[in-house]
Each structure stands twice: as C-alpha cells, then as structure tokens.
Amino acid sequence: QPAVFLHSVISALCMGDDFKPEMTAGHSLGEFSALVAASALSFEDGLKLVYARAMAMQKACEIQPSTMAAIIALSDEKVEEICASVNAEGEVCVPANYNCPGQIVITGKTDAVEEAAAKLKEAGARRTIMLNVSGPFHSAMLATAGKELGKVLEGVTLHELKIPYVTNVTAEYVEDPAETKALLEKQISSSVRWQQSVENMIRQGVDTFIEIGPGRTLAGFMRKIDRNVKVYNIQTVEDAEKVCQELV
C-alpha cells in the first residue's frame, strides 16, 4: 500500500503546478493520494496513514480464512440479493466494490464467497472469478482495522479541501475534515461505490478523467461507465508530460 501511494503521489506531482484538477476521487487506497492532491492531507501524514492502514488490515485478515470474487455481467440487485441469502447467520459475504456496469467484487469468509459465487453463476453471471487475495477487504470483518486507523487519524490534521473530493463510502462530495476522517475509518469496512462516484462527477459536469498511479484498471472501468468522457492514464513522467501538453 505505501508503494502504490508513493507512486500515485509522485505521478501527480509530475503534472506540475499548472495542472489544477477540479475535483478528485480515489478507489479504496487511492482515496489517500486523492486527498493529498486536494491539499487536505500532507504527504507525510498520508504515508503514515497508509502504512497504519496496511498493517491494521493485514492483522484483521489473519483472523479467519477469507477471500474475494469478481462477478461479471450480473445486475447489482441480483448480486446483493444472493449475498443476502448467504448471510442468514451474519454478514459473511457482501459486495465490496461496485466497479462498473457488469462488474462487482464480493468479499467475506472463503466458504461463503464460494457459495455465493456458485449461486451467482447459476443466476446468470457470465463469469465468477475467485481473486488471489487472503482478506475480506471492504467488509464488516475489517471493522477492527478501521478502528485502529481511526486512532491514528486522531493525531493527523486534515485541512479544508481546496478541491472537491468524492468519498467511496457514499459516492458524495465531502467538505468537512471531521467527516472525512470518519469516512476514511469507515471505508475499510464499507463497499467502494466507484461506479456511483464517477456517475456523480459526470452529473456535475466532469467530462475528462485522469487515472494517476500504477495500472490502467480505472481507465478500463471508465469505458464501461460512460464512453462519452475522455480518459487519460499517467504512470510515468513521460505520460505526465504528454497529458499536460494536451490539457494545460
């Protein structure tokens, strides 16, 4: 997590002082680099929080066998319905990431996720892909990790956001630093509402998105959320220079 955070922040800095985004958002871990870009969080505090978050999540993941699975080409409502049917004895399988139309990742106890994946396949999912992870990320099983991060957040100053920021937890804008802290703590055990966040930004008039950091995953999601918007991807200094020449 610290490595991804470092890469994302450095890539953003490569855009130069003339590049000024009108709003920011980040997918899961990306929220922390997004808050640095929005001048709400210092780089030093961001790195401290990301490290604490990683250690707390690892600790929580070691408590019991757990995993995640990507569900392809099935409605949100059907995924939620089948996850609920598996949760008769407690919240053991839930949607973790609403990534884009036709792709939801579910998370929870390994046996529960496997049961839900089988039921979702029967219900018409084109594919169900078990992910090579060992944690129930973005589920209530990580609530203890959120509380540990909350303790670290108490010693960190979050400044007033100079740039609008959209949170994963509600897919809405957040302006109050105290509310932002509470949402960062809650985010660890809440679904990432990425598709809804992007759709909200588009409704507000955003027509150009720049994915900053390793990989092109979010750019791929964008093509499925709305093909009418422009999407750029920055992973290297050369990428940053090219995008800046076009946009600034």
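Since the model is a prediction, treat every value here as computed from it, not as a measurement.

Draft legend 1. Local environment of the sheet that holds strand β1 (residues 24–25). With mixed pairing, three strands are arranged side by side in an open sheet as β1-β6-β7. Of all strands in the sheet, those bounded by a partner on one side alone are β1 and β7 (173–174). The pairing of strand β6 (residues 165–166) with β7 spans two bridges and is classified as antiparallel. Counterpart to tyrosine 165 in the pairing with β7 is valine 174.

Draft legend 2. Focus on the nonpolar core. Membership of the largest hydrophobic core comes to 31 residues, with the highest contact counts inside it found for Phe32 and Leu41. Broken down by secondary-structure element, the contributors of at least two residues to this core are α1 (2–13), α2 (30–37), α3 (43–61), α6 (143–153) and α7 (177–187). A per-element tally of this core places α3 first, with seven residues. Setting aside its immediate chain neighbours within four residues, phenylalanine 32 contacts Phe5, Leu41, Leu49, Val50, Arg53, Leu149 and Leu184. Grouped together as the second largest cluster of nonpolar side chains are 17 residues, Ala69, Cys83, Tyr98 and Ala116 included.

Draft legend 3. Region of the structure containing the environment of proline 2. Position of proline 2 relative to the elements: it lies in helix α1. Relative accessible area serves as the criterion here: at 25%, proline 2 is assigned to the partly exposed category. Each residue touching proline 2, except ones within four places of it in the same chain, is listed here: Leu47, Val50 and Tyr51.

Draft legend 4. Focus on the side chain of arginine 53. Within the element layout of this structure, arginine 53 appears in helix α3. It is glutamate 31 that comes nearest to the buried, bridge-free arginine 53 among opposite-charge side chains, at 7.2 Å. For arginine 53, the contacting residues outside a window of four places in its chain are Gln1, Ser28, Leu29, Phe32, His138, Leu149, Gln187 and Ile188.

Draft legend 5. View of a positive patch on the surface. Residues Arg126, Arg216, Arg223, Lys224 and Arg227 make up a contiguous surface patch of positive charge. Take arginine 216: its relative accessible area is 53%, and that puts it in the exposed class.

What counts and how
Per chain, the residues get numbers from 1 upward, laid out in the order the sequence is written. pLDDT decides what is reported in this predicted model: residues at 70 or higher carry local features, side-chain atom pairs at 80 or more are listed and counted, and totals for whole chains, interfaces and linings draw on all residues regardless. Hydrogens and water molecules were not included; the side-chain quantities draw on all heavy atoms of the structure. At least two bridges found by DSSP between two strands are what make those strands a pair. For helices the rule is a DSSP run of H or I covering at least 4 residues; for strands it is a run of E covering at least 2, with both sets numbered from the N terminus onward. Joining through side-chain atoms within 4.5 Å is the link that ties buried Ala, Val, Leu, Ile, Met, Phe, Trp, Tyr and Cys residues into a set, and such a set is a nonpolar core. Only protein chains enter the area calculation, which uses a 1.4 Å probe; residues under 20% of their type maximum are buried, those over 50% are exposed, and those in between are partly exposed. Any pair of residues with heavy atoms lying within 4.5 Å of one another is described as a contacting pair. Only four residue types enter the tally: Lys and Arg on the positive side, Asp and Glu on the negative side, with His and both chain ends excluded. We define a salt bridge as a side-chain nitrogen of Lys or Arg found within 4 Å of a carboxyl oxygen belonging to Asp or Glu. Residues qualify for a patch when their relative accessible area is over 30% and they have no salt bridge, like charges being joined within 9 Å and the nonpolar side chains of Val, Leu, Ile, Met, Phe, Trp and Tyr within 5 Å. Using a 1.4 Å probe, the Shrake-Rupley method yields the accessible areas, and only the shown protein chains count as cover for residues. Charged groups are reduced to one reference atom each: NZ for lysine, CZ for arginine, CG for aspartic acid, CD for glutamic acid.

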